[in-house]
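Chain and residue survey
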Amino acid sequence: MEMDQLVALCKRRGFLFQSSEIYGGLQGFWDYGPMGVELKRNVREAWWRDMVTAHNELEPPPGAPSPYEMVGLDCAIIMHPQVWKCSGHYDLFHDLMVDCRESKRRYRYDQVQGRWVEAKGQTIFVCTEALGPEATADLQHKALRFFNLRSKEADELEWHGPVTSLTTLESSAPAGGGSTAAGRQEKLYDFSRVLGPDAKTLDTLTAPREFNLMFKTIVGALGGEEDAAFLRPETAQGIFVNFKNVLDSTRVRVPFGVAQLGKSFRNEITPRNFTFRSREFEQMEIEFFCHPGQSRAWYQYWRDRRYRWYTDLGLAGQRLRLRDHSSEELSHYSCGTADIEYAFPFLAAGDFGELEGVAHRGDFDLRSHMEGKLVRQGDALVVEQDAQGKPKYRGSGKDLSYFDDLTKERYLPHVIEPSAGADRATLAFLCEAYCEDQQPDESGKPTKRVFLRLHPRLAPIKAAVFPLVKKDGMPEVAKEIYAALKPHFNAFYDEKGAVGRRYRRQDEIGTPFCITVDGQTLSDGTVTIRDRDTLRQWRVKKEDCPAEIRGRLGL
Ligand code: GAP
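Right, let's walk through the structure included here. (Residues numbered from 1 in each chain as written. Predicted model: local features only at pLDDT ≥ 70, side-chain atom pairs only at ≥ 80, totals over all residues. Heavy atoms only, no water.)

This part takes up the overall build of the chain. When its secondary structure is counted, the chain shows 16 helices and 29 strands. Over its C-alpha atoms, taken along the principal directions, the chain stretches across nearly 90 × 80 × 50 Å. In the chain, once contacts between residues fewer than 6 apart in sequence are set aside, the share between residues at least 24 apart is 64%. In the structure as shown, the chain presents an accessible area of about 26100 Å², 49% of it carried by carbon and sulfur atoms. Of the side-chain charges in the chain, 76 are positive and 81 negative, and the distance between the mean point of each set is 3 Å. (Helix = DSSP H or I, 4+ residues; strand = E, 2+ residues; numbered from the N terminus. Contact = heavy atoms within 4.5 Å. Areas by Shrake-Rupley, 256 points an atom, 1.4 Å probe, with all protein chains shown as cover. Lys, Arg positive; Asp, Glu negative; His and termini not counted. Charge placed at Lys NZ, Arg CZ, Asp CG, Glu CD.)

Along helix H14 (residues 499–509), the residues that are buried comprise Gly500, Arg502, Tyr503, Gln506, Asp507, Glu508 and Ile509. Of the residues trailing H14, Gly510 is marked for its positive phi of about 85°. (Buried < 20%, exposed > 50% of the residue type's maximum accessible area, 1.4 Å probe, protein only.)

Attention now goes to the packing of helix H2 (residues 34–53) against helix H12 (residues 422–433). The angle between the axes and the distance between the axes are what describe a pair of packed helices. Where H2 contacts H12, the two axes come as close as 10 Å, and the packing angle between them is 115°. Judged by the inter-axis angle, H2 sits roughly perpendicular to H12. In the packing of H2 onto H12, the handedness of the crossing is right-handed. Contacts from Leu39, Lys40, Val43 and Arg44 in H2 reach Ala422, Asp423, Ala425, Thr426, Phe429 and Leu430 in H12. (Axes fitted to C-alpha atoms, helices over the stretch in contact; angles between N-to-C directions. Parallel < 35°, antiparallel > 145°, perpendicular 65-115°, else oblique. Left-handed = near helix turned anticlockwise from the far one by under 90°.)

The biggest cluster of nonpolar side chains holds 57 residues, and the ones touching the most others in it are Trp302, Trp309, Tyr310 and Phe429. The greatest single-element share of this core, amounting to eight residues, is contributed by H12. Apart from residues lying up to four places away in sequence, Tyr310 is in contact with Leu315, Leu320, Ile340, Leu355, Glu356, Ala420, Ala425 and Phe429. Of all hydrophobic cores here, the second largest spans 26 residues; its members include Phe125, Val126, Phe147 and Phe191. (Core = buried A, V, L, I, M, F, W, Y, C linked by side-chain atoms within 4.5 Å.)

Attention now moves to the packing of aromatic side chains. For the structure on display, the rule yields 31 aromatic pairs. For the ring pair Trp47 and Trp48, a centre distance of 6.1 Å and an interplane angle of 50° mean the geometry is tilted. Classification of Trp48 as partly exposed rests on a relative accessible area of 26%. Centre to centre, the rings of Tyr90 and Phe230 are 5.9 Å apart; their planes meet at 70°, and the pair counts as edge-to-face. (Phe/Tyr/Trp six-rings, centres within 6.5 Å; stacked < 30°, edge-to-face > 60°.)

Size it by volume and the second largest pocket reaches roughly 760 Å³. When residues of the lining of the second largest pocket are traced back to their parent elements, those giving at least two are helix H1 (3–12) and helix H5 (132–146). A total of three residues in the lining of the second largest pocket trace back to one element, the largest contributor, which is H5. A class-by-class count of the residues in the lining of the second largest pocket yields 16 nonpolar, six polar and eight charged. (1 Å grid on protein atoms, 1.4 Å probe; cavity = no way out; pocket = protein on both sides within 12 Å on 5 of 7 lines; lining within 4 Å. Points joined across faces, edges and corners; volume = space filled by probe spheres on them. Nonpolar A, V, L, I, M, F, W, Y, C, P; charged D, E, K, R; others polar.)

Let us now look at the pairing of strand S27 (residues 513–517). Counting buried residues along S27, five of its five residues qualify, which places the element largely inside the surrounding structure. Of the two faces of S27, the one carrying Phe513, Ile515 and Val517 and the one carrying Cys514 and Thr516 are both buried. In this structure, S27 lies alongside strand S28 (residues 526–531), joined through four bridges in antiparallel fashion. Bridge pairing links Ile515 to Ile529 in S28. (Pairing = 2+ DSSP bridges.)

Here we take up unusual backbone geometry. Here the bond from Val254 into Pro255 is cis, since omega is 5°, no more than 30 degrees from zero. When you line up the elements, Pro255 lands in the loop between helix H9 (243–249) and strand S13 (256–265). A positive phi angle, near 60°, is found at Asp203, a position not held by glycine. Tracing the sequence through the fold places Asp203 in the loop between strand S9 (194–195) and strand S10 (209–212). Residue class for Asp203 comes out partly exposed when judged on its relative accessible area of 30%.

Attention now goes to the pairing of S13. Where burial is concerned, most of S13 is hidden: nine out of the 10 residues are buried. Pairing geometry for strand S3 (residues 69–73) and S13, over five bridges, is parallel. From the neighbouring strand, Met70 faces S13, where its bridge partner is Gly257. Of the strand pairs in this sheet, S13 and strand S14 (residues 280–290) are connected by 10 bridges, and their pairing is antiparallel. Each bridged residue has a counterpart across the sheet, and for Leu261 the counterpart in S14 is Met284.

So, about helix H11 (residues 364–371). Counted residue by residue, H11 has seven buried out of eight residues, so it is predominantly covered. Taken residue by residue, H11 has Phe364, Asp365, Leu366, Arg367, Ser368, His369 and Met370 as its buried positions. Gly372 lies just past H11 and shows a positive phi near 130°.

All told, the structure shown has 45 salt bridges when counted by the stated rule. Via salt bridges that share partners, Arg321, Arg323, Glu329, Asp339 and Glu341 belong to a single interconnected network. (Salt bridge = Lys/Arg side-chain N within 4 Å of Asp/Glu carboxyl O.)

The immediate surroundings of the ligand are formed by 19 residues, with Glu234, Arg266, Glu268, Glu285 and Glu354 found nearest. Taking Glu285, its side chain carries an N or O atom lying 2.6 Å from a nitrogen atom of the ligand. One of the backbone N or O atoms of Gly421 is found 3.0 Å from an oxygen atom in the ligand. For the ligand, whose free accessible area comes to 550 Å², the fraction covered by protein is 88%. Elements supplying a minimum of two residues to the shell around the ligand: S14, strand S17 (353–362) and strand S22 (414–421). Here the shell around the ligand takes four residues from S22, the largest share from any one element. For the shell around the ligand, the class distribution of residues is five nonpolar, five polar and nine charged. (Near = heavy atom within 4 Å. Polar contact = N/O pair within 3.5 Å; in protein donor to acceptor, adjacent residues only side chain to side chain.)

Nothing here speaks to function; it is all geometry.
Structure follows, in structure tokens:
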């Protein structure tokens, strides 16, 4: 599947629109249309139901070290600024970016790719923002233009090494062709031979600079800089700062998890790849609190449990994988992290994009909100100090430890965090569902059929009801069936146009079942039900439709 085909389908059938499209759009922001909103709601509801409301706290689920409880929270998007100072987001939540002095464009340093190329006695590093096969074509185009060569003179370009990140510029430089040692000593970043992604001349990129990803806002009508606050870049911190409230207001005992689902905001430097990297997006996060002695086993449980959630909902193929982070990749506080990743079609062959991270965070978060911002010193995490030797950012000072009244032990629980993105999951389900086949049209001619093989739980509409023709009492019967389905799930009634076209429209939005009232209905009271994927049709009594569809949906 080409990504363009899915993007076109999403627009055509009302899944996703560019935000503020009539004004030219706003990069990194997306609106879910009438079908998209149902699909994403179903993703969120599947997550909430499977993780929270359907969880049985009396029995240990397969693979879990013991039974556990789950509760939910819905916290404010704007929180006390100290939250982000203690969590580390204020100081550390940044990306490195480079600016182009010529094109005035800004790029994420680690996302600029390029390749060394030599022609006419000069060796340069030509850059692109394109990915995969498009990157190779774009690099050639840019190199030809720079060296003033025509397409048929492409063999005058001598390429050195593979396409590589700008961050590896020094190490990838061909012998004798890269930056000089003297240059390296004078400048930390020597971009003098770099042709920026949108530049026509060399050396237009600035040295990388830090750019905090949190959106800043001012609280209150008379507020000044001291009233600055931030839109949350993750939902997780709301859970940590409410840990004591949850303990004090419920009867939960460790181990237990707190789930939260909601919007997060990050001022991404280069939002891209449809909704994959957006500036406003939704997260589905769990903070699971457990005894330090059991945290490894719980980490293992959540890593496997969350992977299985995606496979159960249809991401079962080669395109989904669970990848453990290497020790170099781990955050300074993490004892183990695994990413659940999907091979999105916009990525180069062999590349995967993160759907969810499952992290063992130790007691880092609760300690930070108790004591203040922590930094690593050797093997220990200690409160970071300012020049006067005082805590750089003071914690709340509240006791966030847990007292186990059965064992009489007091301790700071460890945290396992499965952190997923609702928009990325929705996008992955859409990518996986997109299918094409050849089916006969009304005249029997094989034609292309596009359909979304969405898991029935996720499909925006579960069943469509059609009268075969708009006469002979068929619409009346069809409307009765439609009314009987509506209290149970989202159904759709359609009597317009040829029935073949009506089927195709439903296939394109992933409706698993279509019910048709035809001539036989009027004589024996049965209707046909058609399966989206197999196209098999069978007859049931019209009054049995709700039970038949509910049974097949597993409702
Ligand atoms: N509390 C941990 C945390 O926020 P993260 O890896 O930064 O971890 C978790 O984010 C998930 O949120 C990601 O796996 C992804 O699904 C989603 N996510 C993060 N940034 C995103 C963005 N810019 N656009 C869409 N989804 C994003």
